Amino acid sequence: MKRKPSTEATSAWIRLMRVQSRVLDCVEQDLKKAGFPPLAWYDALLELSRAPSGELRPVELERQMLIPQYSTSRLIDRLVDEGLASRRECKIDKRGQFVEITEAGRELQRRMWGAYSAAIEKYVGSKLSDADAIKLSGLLDRLGCSCGEMKLPPVNVNESTPSR
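Under the annotation held in an unreviewed UniProt entry, the protein chain carries the name MarR family transcriptional regulator and is attributed to Bradyrhizobium cajani.

Engineer: For this particular structure, what's the right way to read a nonpolar patch on the surface?
Structural biologist: A cluster of nonpolar side chains, contributed by Trp13, Ile14, Leu16, Met17, Leu136, Leu140 and Leu143, occupies part of the molecular surface with about 600 Å² of accessible area. Elements with a contribution of two residues or more to the nonpolar patch: helix H1 (7-33) and helix H6 (130-144). Here the nonpolar patch gets 4 residues from one element, more than from any other, and that element is H1. Position of leucine 16 relative to the elements: it lies in helix H1.

Engineer: Which parts of the structure should I look at to understand the pattern of salt bridges?
Structural biologist: Oppositely charged side chains may form a pair once their charged atoms are brought near each other. The tally for this structure, following the rule as stated, stands at 7 salt bridges. One salt bridge in this structure joins aspartate 30 and lysine 122, with 3.8 Å as the shortest N-O distance. Of this pair, aspartate 30 sits in helix H1 while lysine 122 is found in helix H5 (residues 103-125), placing the two residues 92 residues apart along the sequence. For lysine 122, a relative accessible area of 45% gives the class partly exposed. Across the salt bridge formed by glutamate 103 and arginine 110, the nearest N and O atoms sit 3.2 Å from each other.

Engineer: Could you clarify how one ought to interpret the nonpolar core in this entry?
Structural biologist: As a rule of thumb, nonpolar side chains are buried together in soluble globular proteins. By size, the foremost hydrophobic cluster in this structure holds 28 residues, and its most contacted members are Leu31 and Leu79. Going through the elements one at a time, H1, helix H2 (39-50), helix H3 (58-65), helix H4 (69-81), strand S3 (97-101) and H5 are the ones with two or more residues in this core.

Engineer: What am I meant to see in the side chain of threonine 72 here?
Structural biologist: Within the secondary structure, threonine 72 sits in helix H4. Taking relative accessible area as the criterion, threonine 72 reaches 2% and is therefore assigned buried. Once residues lying within four places of it in the same chain are set aside, the contact partners of threonine 72 are Pro58, Leu61, Glu62 and Ile67.

Engineer: Would you mind going over the packing of aromatic side chains with me for this structure?
Structural biologist: All told, the structure shown has 3 aromatic pairs when counted by the stated rule. Ring geometry for tyrosine 42 versus tyrosine 116: centroids 4.9 Å apart, planes at 75 degrees, classification edge-to-face. On the criterion of sequence distance, the pair formed by tyrosine 42 in helix H2 and tyrosine 116 in helix H5 is long-range, its members being 74 residues apart. An identical accessibility class is assigned to tyrosine 42 and tyrosine 116; each is buried.

Engineer: I tried to follow the sheet that holds strand S2 (residues 85-89) on my own but got confused; where do I start?
Structural biologist: Two modes of strand pairing occur in sheets, parallel and antiparallel, and in both the strands are linked by backbone hydrogen bonds. Sheet architecture is open: 3 strands sit in the order S1-S3-S2, paired in antiparallel fashion. Each edge of the open sheet is held by one strand with a lone partner, namely strand S1 (55-56) and S2.

Engineer: Looking at this structure, I do not really get the packing of H2 against H5. What am I missing?
Structural biologist: Relative placement of two packed helices is described by the angle separating their axes and the distance separating the axes. Two numbers describe how H2 lies on H5: the axes approach to 9 Å, and their chain directions differ by 125 degrees. Judged on the interaxial angle alone, H5 and H2 are oblique. In this structure, the crossing between H2 and H5 has a hand that is left-handed. Contacts between H2 and H5 involve Leu39, Trp41, Tyr42, Asp43, Leu45, Leu46 and Ser49 from the former and Gly105, Arg106, Leu108, Gln109, Met112, Trp113 and Tyr116 from the latter. For the contact of H2 with H5, the per-class residue count stands at 9 nonpolar, 3 polar and 2 charged.

Cut-offs used in this document
Residues numbered from 1 in each chain as written. Predicted model: local features only at pLDDT ≥ 70, side-chain atom pairs only at ≥ 80, totals over all residues. Heavy atoms only, no water. Patch = residues over 30% accessible without salt bridge, like charges linked within 9 Å, V, L, I, M, F, W, Y side chains within 5 Å. Areas by Shrake-Rupley, 256 points an atom, 1.4 Å probe, with all protein chains shown as cover. Salt bridge = Lys/Arg side-chain N within 4 Å of Asp/Glu carboxyl O. Helix = DSSP H or I, 4+ residues; strand = E, 2+ residues; numbered from the N terminus. Buried < 20%, exposed > 50% of the residue type's maximum accessible area, 1.4 Å probe, protein only. Core = buried A, V, L, I, M, F, W, Y, C linked by side-chain atoms within 4.5 Å. Contact = heavy atoms within 4.5 Å. Phe/Tyr/Trp six-rings, centres within 6.5 Å; stacked < 30°, edge-to-face > 60°. Pairing = 2+ DSSP bridges. Axes fitted to C-alpha atoms, helices over the stretch in contact; angles between N-to-C directions. Parallel < 35°, antiparallel > 145°, perpendicular 65-115°, else oblique. Left-handed = near helix turned anticlockwise from the far one by under 90°. Nonpolar A, V, L, I, M, F, W, Y, C, P; charged D, E, K, R; others polar.

Structural data, given as C-alpha cells:
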C-alpha cells in the first residue's frame with residue numbers, strides 16, 4: 001500500500017501553491033502598472049542574456065524557463081516581433097535555429113529589473129528576515145531535488161538579476 005501524504009504535507013502543498021500564485025499575480029500587476037510586459041518576457045531575456053553567446057535553441061530556453069513548448073514558441077515570436085530577440089539558422093543543422101537577445105532586449109531586461117526587484121522586496125524581502133529567506137530557500141531546494149530531472153540552477157544572492 002502506498003503511503004498517503006500527511007495532513008501537514010497536504011496543508012504545506014496547498015499553501016505553497018496559493019502563495020506562489022498570489023505572489024506571481026502581484027508581481028505581474030506591478031510590472032503592468034510600471035508599463036512593462038509580462039514576467040515571462042523578463043525571464044526569457046534573462047536566460048538569453050545569461051547564455052555564453054547570448055543565444056539559445058528554443059528547446060534550451062523552454063527547459064530553462066520551465067514553461068510548455070507552445071508558450072515558448074509564442075513568447076519567442078513576440079520577442080522577435082518587438083525587436084528584443086532575433087532568430088538565426090543553425091549552420092550545422094539547417095532545420096534548427098537559435099534565438100539571440102538583441103541590444104534592445106538587454107536594455108528592456110535591465111529596465112524591467114527596477115520594477116521586478118522592487119516587487120521582490122515588497123512581496124518577499126519585506127516579509128522575511130534574511131535568516132528566514134535562507135531557511136525557506138533550503139526547504140524549497142529540498143523539494144526541487146525530489147522532482148526527478150528537475151534541477152534548478154543555484155541562485156547567486158549577489159547577482160543583480162535573479163530569474164523568477
